[in-house]
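# Report on the structure
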Amino acid sequence: MTLVDPELEAVRSGDEGAFEQLTRRHYPAMLRLAMAYVRDREAADDVIQEAWLTFLKTLDRFEGRSSLRTWLFGILANLARSRRRRESRFIPFTSLFELGTRSRGPTVDQRRFGPDDRWQSPPPSWSSLPEQVFESKETLAEVRAAIDMLPRHLREVILLRDVAGLSGDEVVDLLAISPSNQRVRLHRARAAVRQRLEDFLR
Amino acid sequence: VNCRQIVELMTDYLEGTLSESDRRRFEAHLTRCDGCTEYLEQLRTTMKLAATSADQPIPAELEAELTRVFRDWKGQP
């Protein structure tokens, strides 16, 4: 079975406007993903350009078994990762932040639970906050900063899942990790970003 | 099951990977725990915010460059 994606068909047939729309729409998430691997904005834009070139070159091989989004972000992640490997001797291997981040253990400060293992200090309600708070530039900047501070193995998963919108199975394939590892990383990443939001919105 | 355990199962719950019986226990806990209900709701909000957090528009130079790439590709036999 082949699913026909009208947007993809338009690009295939040479519709420049359709291609521009596609590149504009996916750019913000592509930039976030590329920046997880390369050292600066210029390098990120280079990789994004290379990804689109590869996308076009392989367009006739794309059979619609995955979504266009998955295919595109797969190309980008692979290019960005191999570029990072080439550049890695110039980049410190881990930042101090990553060294300090535990990869196991609970994701919520254990002091927030009482001796009965129930919440002693539950998360303060967000429903009483004005709706605009969740749409403000400041809040979104806080979310970005929280994601940027994650160690790369967590950051790449939350970027692919929650920012780029890939499915769990797709991320498992793309990063060649086990389904349970994918879930653990996603959980740790989301929990860390939620905590930072809690602190910010307090 | 207690809150300490439930919070660590939230992503498995959202991913739909809990067993049928675990899912039932998870949901039963939520019906009587405001703290965990709020926590789950906050994770959902976090996911939504992450989805809208990328907002840098494409730079004009890159857009022009990509148009050139597209025309080259189109011009090839």
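Residues numbered from 1 in each chain as written. Chains lettered and ligands numbered in written order. Predicted model: local features only at pLDDT ≥ 70, side-chain atom pairs only at ≥ 80, totals over all residues. Heavy atoms only, no water.

## Some points on the overall build of chain B
For clarity, the threshold we go by: Going along the chain from the N terminus, every DSSP run of H or I of four or more residues is numbered as a helix, and every run of E of two or more is numbered as a strand. With a 1.4 Å probe rolled over the protein chains alone, any residue whose accessible area is under 20% of its type maximum counts as buried; one over 50% counts as exposed, and the rest are partly exposed.
In terms of regular secondary structure, chain B is built from 5 helices and 0 strands. Tracing chain B from N to C terminus, the helices and strands come up as α-α-α-α-α. Seen through its C-alpha atoms, chain B measures out along the principal axes to roughly 65 × 25 × 15 Å. Within chain B, buried positions represent 45% of all 77 residues.

## Description of the overall build of chain A
The test is simple: We call two residues in contact when some of their heavy atoms are within 4.5 Å.
Check the secondary structure of chain A and you find 9 helices and 0 strands. In chain A, the succession of α and β elements from N to C terminus is α-α-α-α-α-α-α-α-α. Referenced to the eigenvectors of the C-alpha coordinate spread, the extents of chain A come out at roughly 65 × 45 × 35 Å. Across the 202 residues of chain A, 49% fall into the buried class. Summarising the internal contacts of chain A: among those between residues at least 6 apart in sequence, 65% fall at separations of at least 24.

## Digging into the interface of chain A and chain B
As a measure of interface size, the accessible area lost when the parts come together is often cited. Here is the rule: Using a 1.4 Å probe, buried area is obtained as the accessible area two parts lose upon being combined, added over both of them. For this analysis, a salt bridge means a side-chain nitrogen from Lys or Arg found within 4 Å of a carboxyl oxygen belonging to Asp or Glu. Under the rule applied, a polar contact is a pair of N or O atoms within 3.5 Å (in protein, one hydrogen donor and one hydrogen acceptor; residues adjacent in sequence only if both atoms are side-chain atoms). Throughout, the ten residues Ala, Val, Leu, Ile, Met, Phe, Trp, Tyr, Cys and Pro are labelled nonpolar, Asp, Glu, Lys and Arg are labelled charged, and all others, Gly among them, are labelled polar.
Contact residues are listed per partner, giving 58 residues for chain A and 44 residues for chain B. The contact between chain A and chain B buries some 4500 Å² in all, and 62% of this surface belongs to carbon and sulfur atoms. Taken together, the links from chain A to chain B amount to 6 salt bridges. The shortest N-O distance in the salt bridge between Arg161(A) and Glu15(B) comes to 2.9 Å. Put simply, chain A and chain B have 22 residue pairs in polar contact (both at pLDDT 80 or more) between them. Put simply, the parts of the chain that give the side of chain A that touches chain B at least two residues each are helix 1 (6-12), helix 2 (16-35), helix 3 (41-57), helix 6 (137-148), helix 7 (152-163) and helix 9 (179-201) of chain A. Among the residues forming the side of chain A that touches chain B, the class breakdown is 28 nonpolar, 11 polar and 19 charged.

## A short note on the packing of aromatic side chains
Our working definition: Classification of ring pairs rests on two measures: the distance between centres of Phe, Tyr or Trp rings, Trp counted by its six-membered ring, which must be within 6.5 Å, and the angle between planes, read as stacked under 30 degrees, edge-to-face over 60 and tilted in between.
Under the criterion given, the structure shown has 10 aromatic pairs over all chains. With centroids separated by 5.8 Å and ring planes inclined at 35 degrees, the aromatic side chains of Trp119(A) and Tyr39(B) adopt a geometry described as tilted. Note that Trp119(A) is positioned in the loop between helix 5 (96-100) and helix 6 and Tyr39(B) in helix 4 (residues 34-53), a pairing that runs across two chains. In this structure Tyr39(B) comes out as buried when scored by relative accessible area, which is 0%. Centroid distance Trp126(A) to Phe134(A): 5.9 Å. Interplanar angle 50 degrees. Geometry classified as tilted. Assessed through its relative accessible area of 15%, Phe134(A) is described here as buried. Three or more aromatic residues link up through ring pairs in this structure, and these residues are Phe19(A), Trp52(A), Phe55(A), Phe62(A), Trp71(A), Phe70(B) and Trp73(B).

## Digging into the confidence of the model for chain B
When pLDDT is low, close inspection of the predicted coordinates is not appropriate. This is how it is decided: Scored from 0 to 100, pLDDT reflects the predictor's confidence in each residue.
Mean pLDDT over chain B stands at 96; residues scoring 70 or higher make up 99%. We note a pTM of 0.91 for the whole complex and an ipTM of 0.94 for its interfaces.

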